[in-house]
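# Structural features, examined
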Amino acid sequence: MSLLVRRNRADALKLGDMKSLIVALSLLSSTFHHGWEDFRTERPLYLSGTVTQVRWGNPHPEVRVRVAAPARLPSGLAERSIPAELEQLGGRDVLRRTQAFDGREEEVVLILAPVERLTAWGMTDRVREGERVEAVGYVHREHAEEFRPELLVRQDGQAVRQRSVPLPQSPPPVSPGGPAEQPAGQGATTAAAGSGQSPVVLPWLIGGALLIGGGTVALTLRARRTGGKAS
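Per chain, the residues get numbers from 1 upward, laid out in the order the sequence is written. Local features in this predicted model are restricted to residues whose pLDDT is 70 or higher, and side-chain atom pairs enter the listing and the counts only when it is 80 or higher, whereas totals over whole chains, interfaces and linings include all residues. Hydrogens are left out, water is left out, and the side-chain values use all remaining heavy atoms of the structure.

Core analysis: the biggest nonpolar cluster contains 21 residues, and Leu47, Val63, Phe101, Leu110, Phe147 and Leu152 have the highest contact counts within it. Contacts were defined at the residue level, with two residues in contact if any of their heavy atoms lie within 4.5 Å. Among residues more than four places away in sequence, those in contact with Phe101 are Leu45, Tyr46, Leu47, Val67, Ala71, Val108, Val139 and Phe147. Definition of nonpolar core: a set of buried residues of the types Ala, Val, Leu, Ile, Met, Phe, Trp, Tyr and Cys, connected through side-chain atoms within 4.5 Å. Categorising residues by exposure relies on relative accessible area from a 1.4 Å probe, with only protein chains included: less than 20% of the type maximum marks a residue as buried, more than 50% marks it as exposed, and the intermediate range marks it as partly exposed.

What follows is the structure in structure tokens.
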């Protein structure tokens, strides 16, 4: 085998490893971007509407919904039957605190749980365009069009949980006449400053370092194997 062919194969292997690393970093970015701490979990909201577009896949299916306006809380929302697992995670208290969606967005994108979890939680088929859905969840702190539900109610009445972990700790809602509400995300920033760490930047640094380190090791081992075969 000529030296040129061996070099081309080695370059192709390195390119494949780099592509895998880029994909992994993209998935990591999406995971942190859609973490519960990125949403206003201190203020649960209810909305309903018609599905206009669906992107079904990992890391999170995205369902675009044309919101029915004006939004109104349905009668008996707090007493509705919900999955037992969500009940154990405080879902009932969330329903009691839920308010009607008051956002200015005519359409929102529901960020659902990963496909594998939806299947395990009894959602055997994907959401379809034209389907009418209800959701209780939270608006993103920086992107008002993104909405992460913890409960999704489908057109046939099936209630599917979207949360498997406790909600992040958040400051209590500001009472009427109290101090002005902080801008979105400012509370998290203040808390991070007090502890000397950032809740968003720190995971990024750790995850990025691990992925880059793993990619470097993989490239080194692959190069050694290629060099051994060439010799």
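Turning our eyes to something else, we now look at the packing of aromatic side chains. Any pair of Phe, Tyr and Trp rings, taking the six-membered ring for Trp, is counted once the centres come within 6.5 Å. Such a pair is stacked with planes under 30 degrees apart, edge-to-face with planes over 60 apart, and tilted for the rest. As enumerated under the stated definition, the model contains two aromatic pairs in all. Here Trp36 and Tyr138 contribute two aromatic rings whose centre-to-centre distance is 6.1 Å and whose plane-to-plane angle is 85°, an arrangement assigned as edge-to-face. Of the two residues, Trp36 is situated in the loop between α1 (3-33) and β1 (45-55) and Tyr138 in strand β5 (residues 132-139); the sequence distance between them amounts to 102 residues. Classification of Trp36 by relative accessible area gives buried; the value is 8%. Owing to a relative accessible area of 0%, Tyr138 belongs among the buried residues under this scheme. The interplanar angle of 80° and the centroid separation of 6.3 Å between the aromatic rings of Phe101 and Phe147 together place this pair among those described as edge-to-face. Linking Phe101 in the loop between β3 (99-100) and β4 (107-111) with Phe147 in strand β6 (residues 146-153), this pair joins segments that are 46 residues apart in sequence. Residue Phe101 shares its accessibility class with Phe147, and that shared class is buried. Between the NZ or CZ atom of Arg148 and the centre of the ring of Trp36, over which it lies, the distance is 4.1 Å. Strands here are runs of E lasting at least two residues and helices are runs of H or I lasting at least four, both read from the DSSP assignment and numbered beginning at the N terminus. In this scheme, Lys NZ or Arg CZ marks a charge over a ring once it lies within 6 Å of the ring centre and within 35 degrees of the ring normal.

Turning our attention to the pairing of β6. Counting buried positions along β6 yields eight of eight residues, so the element is predominantly enclosed. Bridging between β4 and β6 involves two bridges; their strand directions are parallel. Counted as the bridge partner of Val109 is Glu146 from β6. A pair of strands is treated as paired once DSSP finds two or more bridges between them. One ladder, built from six bridges, connects β5 with β6; its direction is antiparallel. Bridge pairing in β6 places Val136 opposite Leu151. What sits between β5 and β6 in their antiparallel hairpin is a turn of six residues. Bridge count for β6 against strand β7 (residues 159-161) is three bridges, and the pairing is antiparallel.

Turning to unusual backbone geometry, a few remarks are in order. Asn58 connects to Pro59 through a cis peptide bond whose omega is 5°. Tracing the backbone through its elements, the reader meets Pro59 in the loop between β1 and β2 (62-67). For the bond running from Ala69 to Pro70, omega is -5°, close enough to zero to count as cis. Considering the arrangement of structural elements, one finds Pro70 in the loop between β2 and α2 (84-88).

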